[in-house]
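Tertiary structure, described
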Amino acid sequence: MWFAYTLAFILIILLTFGALHTMGRSTIWSLDGIAQHYPILKEFYQILHGTAHQSLFSWSWNLGLGADQMTTFAYYVVGDPFSYLIALFPANQLELGYTLLTLLRLYVVGLSFIALAKQFHFRRGGTLIGALIYTFNGFTFYVSYHHPFFLLPMILFPLLCLTIDRILHGHSWLWLALVTAIVLICNVYFAYLLAIGAALFLFIRYFDLRIKHTQLPKLWQLCLRLGLAIVLALLIAAVILLPTALAMVTSSRVGGATFANGLTWYPEIYYRTLPDNLLTSNGTIYYWATIATSGIVLIAMVWSMRRFRQYLAINVTLILIAVGLLIPAVSATLNVMSTPSNRWLLMAQLVFGLLAATLIDHLNLFDQRDFWWLTGVTIIFIILIWIANGFIFKFRDIQTLLYVIFFMFVWLMSLILLNPHHVLQFKLGMLGVVMLNTIAIGLSFYSSNYSGAPANELPTKTAEKWSVDYFDRADQYLNRIDHSFYRTATSNNYYSMLTVGNDIPMLLNTHTISSYYSVQNGDVNTFNQQLANSQNSMNNPTSDVDTRTSLLSLLNVKYLFARQDDVANHQAMPYGFTQLKTAKGHAAILKDRPVFGVGNGTGTAILKNKYALPLAYTQSSQITPKTFNSLSAIQKQQSLLQGTAVTHKIDGLKQATLTSTTHQAAYSVKLTSEPVLTIPDAINYRLTHNIKKSMSASVKTNLKPSEAMKYAAATGLETPSATVQKLLADNQATIDNNREANQHGLKAMTSDVLGTPQTYQLKLKHPSRYQKTELYLDLSGITTTFSTTSDRLTQLSQQSKLAGTPLSRGEKTANWRSITNSPLFDAYTLNVSTSGGKTIFNQLGINNLSDYEPKHHLLINLGYSDKVRKTINLSFIGANQIYFKHVKVVAVPYGKTYRQQTKQLQSTGLTHQHVTNNTVEGTSTATTRRILTTSIPYSKGWQLSVDGKKQATQVVNSGFVGAILPKGQHQITLRYQTPGLRLGLWLSILGVSLSLVLIAGEIAKWYLTRVQYRR
């Protein structure tokens, strides 16, 4: 069995992954693959080889503002035994190692299925085909080049089911304890998901065996054995599990996600494409509903359902899977009470594999009634696919091939009816078609002949090069000239990324404040939300703080990596950041080091911040929670330069006297787009949109009204129809209402009756007052409306009427088909620009499963400028209207006051400061009692000692480590130890010791039984 599976595995891999290799592509995804998985694996490699900047069990300053190395990496590599094998590869072959480890995981997925199939006494044919179906399907192919570590639960779930089944048959519970321990060590998220799956398996399997009158342990015995297994597993895993669980419960994800993205039901397109997703990869995956299983599975479903009571357990499971696919709340619950991601389908693939194995082992039972039922289901399936495709049969080539393969299965089943005595030959035929099916599914992901997906995989060697040249080696330049502790950030749009961050800077020892991990510090997230950081997200709470001057200084950012072309074009940069000079007095510009497909196409300029605050400093004044919470986000930002925000009022410490220097700028709103309102506008519109049928194809657009009227006859608008006149009148009313709404400030951004979003300009009154300020656009009470399918069809119809082009019934149907296949998902983009640069805000849609957070308040930094800025331009796409309760333009001056505040705080920094991975040391001198204030993310793992005596820490500034210091000169030491690690280690030692004793007992019991048997 193992040999046959191995041969089949190698052949399928060569023809699927091999297709990707022949195109010069790696298995590293251009999104999370290079943004997370590859840099994390490379850092892990360096940790294993002792060449990283820290050990695994320590604090790391390269994880954003700083984080625990082990608990951050626990989600990805710490509990993955395969990741440790990367240490065997040469340093210049990590891309190869990344791919080979993915393939090794995939191989073991099938071995795990084979082990479970043996427990269930499947025959060789059923086991082999079931293993191939479980190993090669849409889900496994998808995660193999997107999230390879998601193959781990597919290895572990069959083993959990196997060990549970052994307990139900009266065998030892020890193996369940060991497998459960591996699951708990592997990943807390997987442990949660697999625990639910294992509980369902236990419940269904228990009653299934009971119905079949199988001898089972007594209920109290079963509960005891399961309880003992769980307790022992918790003890064994405690060294990893306990610290990771503590990190999870204080992470940004707790309470951060909108349950099920606010959905009661999925969007229509999800349900419509589900039947197609069962057997094919249709190119677009909604809510992780990627199934693409073998065609034989659908046949097995029909066969099994016909024998509902005989195969009650698996049929009930199929019903539960179907219900789970239909309801967002189910997937959200299985996704740790967050977004409605159907990642749980990894467990459904096991059911499909077992179902196929069951049919293969009982092919002789397939009868004529089964075939008629299969024919009926196939007809219904075809009708559903026809409806899903918009009442046409239009497939990509690979989809056509997959459906042809499905009919090959149907054909084979019909032959079985005609030749029931040649079952063995038909099993071999089934094996061949199953392998063809799996290869076709793989090619739908990995071949550019059938899919655009390979273009999303990085070319080979790209990841390695980019992981070195990410900053054009500006990081190496800084490491040579500055040996102190510092943090860095990047200017807005240094890279334009589809992810919310990238972890490559972690490899470069730049202490970059942006980080992109699934487990992030909850207190840091609170800090960013309190100060309305528009770049904040669950997976990257800080990002680059929208390059806000005060925030960068508060967070100890000494250097800023900026695009060379932005600096040359005088784009807005934070106040106090000046170009770093070389020893010869030239600007430090690092030439572009192009990286194909991912580079930013320009060199890197390094800007140095004169006013960066120390990592640790002291404040003499407190800002009480009541005062701090009464401030606006900008006021909070500026107040932290005048005092420290505390969680409770501290007796004996003066309260800060806050002075606000911010100014609200008055403005007027102007519509800058040119909606179609008059007959000359309509003529221009027709000249633009009807050139194929008009005699005026060569006429320039945007003619003046008098010039446009010369083409009235040519465009058919000499005597406008009632329809055109009504469209113009409706459009005029829409624009007039919008202007009236915005008379006293921006309240609404709208689209016209043609569906065209309008553009706006905020004209500042007295703009000279706002020189030498950082401008902010403060948008509150944001609500949106989106065009329905009917609205979008109406807009296309109105565009056709205004353009004077015919719109046939067929074109209307094509428009409907196009619109229903491209839903809006409540996503929109807002563009804001001034003379100093442009800011883009993307509201992610309800189909986003990582960072969906509806924003009702935005504080957008427009940058600092010495020059006069007279206007702010706004545009949007996606939404039909965007409404605001208030839109304010706020100016924050930067000059003498800011310089004095930062210089004063710089003077209170720890002298003789020494920073290592787990310690921050220095001397504090003060004439009064003060607050130790740091930009170290708060964690109970940081312990403070003052002159060698322990002292309590507390959260300051909403997210960082702080404490009260007595007056005088004191030696300050902050030392870090992973919370729960020491206790977890002792518990694990206890668990492993108990396991060894129990294993020894099992071996002794087996030996005695064998001796007695021989006698």
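Residues numbered from 1 in each chain as written. Predicted model: local features only at pLDDT ≥ 70, side-chain atom pairs only at ≥ 80, totals over all residues. Heavy atoms only, no water.

Looking up the chain in an unreviewed UniProt entry gives the name Integral membrane protein, with the organism given as Secundilactobacillus odoratitofui DSM 19909 = JCM 15043.

**A short note on the overall build of the chain**
For the record, the criterion: Under the DSSP-based scheme used, a helix requires at least four consecutive residues in state H or I and a strand at least two consecutive residues in state E, with every element numbered from the N terminus. Values of the radius of gyration come from C-alpha atoms, whereas the globule rule sets the reference at 2.2 Å times the count of residues to the power 0.38. The rule is simple: take the accessible area with a 1.4 Å probe, protein chains only, and divide by the maximum for that residue type; under 20% is buried, over 50% is exposed, in between is partly exposed. Asp and Glu count as negative and Lys and Arg as positive, but His and the ends of the chain are not part of the count. Taken as the charge centre is NZ of Lys, CZ of Arg, CG of Asp or CD of Glu, depending on the residue.
On a plain count of helices and strands, the chain comes out with 32 helices and 32 strands. Here the C-alpha radius of gyration of the chain, 32 Å, is about what a compact globule of 1015 residues would show, namely 31 Å. For the chain, the C-alpha atoms occupy an extent of roughly 100 × 90 × 50 Å along the three principal directions. Put simply, the chain has 1015 residues, and 58% of those count as buried. Positive and negative side-chain charges in the chain, numbering 81 and 46 respectively, have mean positions lying 5 Å apart.

**Thoughts on a nonpolar patch on the surface**
Stated formally: Within this analysis, patches are made of residues with over 30% relative accessible area and no salt bridge. Like charges are joined at 9 Å or less; nonpolar side chains (Val, Leu, Ile, Met, Phe, Trp, Tyr) at 5 Å or less. Exposure was quantified through the Shrake-Rupley algorithm and a 1.4 Å probe, taking into account, for residues, occlusion by the shown protein chains and nothing else. Basic side-chain nitrogens of Lys or Arg form a salt bridge, by our definition, when they fall within 4 Å of a carboxyl oxygen of Asp or Glu.
Taken together, the side chains of Ile379, Ile380, Ile382, Ile383, Leu384, Trp386, Ile387, Phe391, Phe393 and Phe407 make up a nonpolar region of the molecular surface, amounting to roughly 890 Å² of accessible area. The dominant element in the nonpolar patch, judged by the number of residues it contributes, is helix 16 (residues 368-388), at 7 residues. One can find isoleucine 380 in helix 16.

**Section: the packing of aromatic side chains**
The line we're drawing: Planes of paired rings set the category: under 30 degrees apart is stacked, over 60 is edge-to-face and the rest tilted, where pairs are Phe, Tyr or Trp rings (Trp by its six-membered ring) whose centres lie within 6.5 Å.
Tallying each qualifying case throughout the model produces 68 aromatic pairs. An angle of 55 degrees between the planes, with centres 5.3 Å apart, marks the rings of phenylalanine 395 and tyrosine 403 as tilted. Considering the side-chain rings of phenylalanine 471 and tyrosine 494, the 5.9 Å spacing of their centres and the 50 degrees angle between planes classify their relative orientation as tilted. Taken as a pair, phenylalanine 471 in the loop between helix 19 (462-469) and helix 20 (474-481) and tyrosine 494 in the loop between strand 5 (487-490) and helix 21 (522-530) lie far apart in primary sequence, 23 residues in all.

**Let's talk about the environment of isoleucine 34**
Applied cut-off: In what follows, residue pairs with any heavy atoms lying within 4.5 Å of each other are defined as contacts.
Assignment of secondary structure puts isoleucine 34 in helix 2 (residues 32-48). Apart from residues no more than four positions distant in its own chain, isoleucine 34 is found in contact with Ile28, Trp29, Pro39, Leu458, Ala463, Trp466, Asn502 and Ile504.

**Let's talk about the sheet that holds strand 17 (residues 773-780)**
Worth spelling out the cut-off: Any two strands between which DSSP finds at least two bridges are classified as paired. For every element, the axis is a line fit to its C-alpha atoms; helices are fit only across the contacting stretch, and the angle between N-to-C directions ranges from 0 to 180 degrees.
Read from one edge of the open sheet, 4 strands run 13-24-17-21, paired in antiparallel fashion. Here the strands that pair on one side only, and so sit at the sheet edges, are strand 13 (663-665) and strand 21 (857-865). Each strand of the sheet is rotated relative to its neighbour by a mean of 30 degrees, with strand direction disregarded. Bridging between strand 17 and strand 24 (residues 886-893) involves 8 bridges; their strand directions are antiparallel. Bridge pairing in strand 24 places leucine 777 opposite valine 889.

**Observations regarding the layout of surface pockets**
Inclusion rule: Grid points spaced at 1 Å and placed over the protein atoms alone form the basis of the search, with a cavity being a set where a 1.4 Å probe fits but cannot get out and a pocket an open set showing protein on both sides within 12 Å along at least five of seven lines. Lining residues have an atom within 4 Å of a point. Grid points are joined across faces, edges and corners, and a volume is the space filled by probe spheres set on the points. Under the grouping applied here, Gly and all other residues not named as nonpolar or charged are polar, the nonpolar ones being Ala, Val, Leu, Ile, Met, Phe, Trp, Tyr, Cys and Pro and the charged ones Asp, Glu, Lys and Arg.
The volume enclosed by the second largest pocket comes to roughly 1000 Å³. Along the wall of the second largest pocket there are 39 residues; nearest its centre are Phe201, Ala313, Ile314, Thr317 and Leu354. When contributions to the lining of the second largest pocket are tallied by element, the ones reaching two or more residues are helix 7 (152-168), helix 9 (188-211), helix 13 (312-326), helix 14 (328-334) and helix 15 (345-361). Here the residues of the lining of the second largest pocket are counted per class, giving 24 nonpolar, 9 polar and 6 charged.

**Concerning the environment of serine 515**
The condition that has to hold: Here a polar contact is recorded for every N or O atom pair within 3.5 Å, except that within protein the pair must consist of a potential hydrogen donor and a potential acceptor, and residues adjacent in sequence are included only if both atoms are side-chain atoms.
Relative to the assigned elements, serine 515 resides in the loop between strand 5 and helix 21. For serine 515, a relative accessible area of 4% corresponds to the buried category. Along the primary structure serine 515 and histidine 689 are separated by 174 residues, whereas in three dimensions their C-alpha atoms are 46 Å apart. If we skip the residues at most four places from it in the chain, serine 515 touches Leu63, Gly64, Asp503, Gln520, Asn539 and Asn540. Within the local environment of serine 515, its side chain forms a polar contact with the side chain of glutamine 520, the two groups lying 3.1 Å apart.

**Notes on the pattern of salt bridges**
In the structure shown here, the tally under the stated rule is 16 salt bridges. The shortest N-O distance in the salt bridge between arginine 307 and aspartate 367 comes to 3.8 Å. With a gap of 60 residues between them, arginine 307 in the loop between helix 12 (295-306) and helix 13 and aspartate 367 in the loop between helix 15 and helix 16 connect regions that are remote in the sequence. Looking at aspartate 367, the relative accessible area reads 28%, which means it is partly exposed. A salt bridge links arginine 307 to aspartate 370; the nearest nitrogen and oxygen atoms lie 2.7 Å apart. Linking arginine 307 in the loop between helix 12 and helix 13 with aspartate 370 in helix 16, this pair joins segments that are 63 residues apart in sequence. Since its relative accessible area comes to 12%, arginine 307 is described here as buried. A relative accessible area of 2% places aspartate 370 in the buried class. Each of Asp165, Arg205, Asp208 and Lys212 takes part in salt bridges that share partners, so that together they form one network.

**Some remarks on the domain arrangement of the chain**
Condition: Residue ranges labeled as domains rest on an automatic or database domain assignment.
What the domain assignment reports for the chain is domain 1 (1-30 + 79-454), domain 2 (471-611), domain 3 (674-720) and domain 4 (898-976). Computed from C-alpha coordinates alone, the two centres of domain 3 and domain 4 are separated by 70 Å.

**Thoughts on the side chain of arginine 817**
For arginine 817, the position within the fold is in helix 30 (residues 809-820). Although buried, arginine 817 forms no salt bridge, and the nearest oppositely charged side chain, glutamate 268, lies 11 Å from it. Among residues more than four places away in sequence, those in contact with arginine 817 are Asn389, Gly390 and Ile392.

**Describing the nonpolar core**
Under the convention used in this document: To qualify as a nonpolar core, a set must consist of buried Ala, Val, Leu, Ile, Met, Phe, Trp, Tyr and Cys residues joined through side-chain atoms within 4.5 Å.
Residues Phe73, Leu132, Ile296, Ile299 and Met430 are the most contacted members of the largest nonpolar core, which totals 199 residues. Residues lining this core come from more than one domain, with at least three contributed by each of domain 1 (1-30 + 79-454) and domain 2 (471-611). The contact partners of isoleucine 299, leaving out residues within four places of it in the chain, are Leu359, Phe366, Leu374, Phe406, Phe409, Val410 and Met413. Within the second largest apolar cluster, 48 residues are counted, among which are Val524, Leu554, Ala605 and Tyr894.

**A short note on the sheet that holds strand 28 (residues 942-946)**
In a beta sheet, neighbouring strands are held together by backbone hydrogen bonds and run either parallel or antiparallel to one another. Strand order across the open sheet formed by 5 strands is 25-26-32-28-29, with antiparallel pairing between neighbours. Either end of the sheet is taken by a strand with one partner, and the two such strands are strand 25 (911-915) and strand 29 (949-951). Put simply, the sheet's adjacent strands are angled 25 degrees from each other on average, direction ignored. As judged from the 3 bridges shared by strand 25 and strand 26 (residues 919-926), these two strands associate in the antiparallel manner. Of the residues in strand 26, the one forming a bridge with valine 915 is valine 920.

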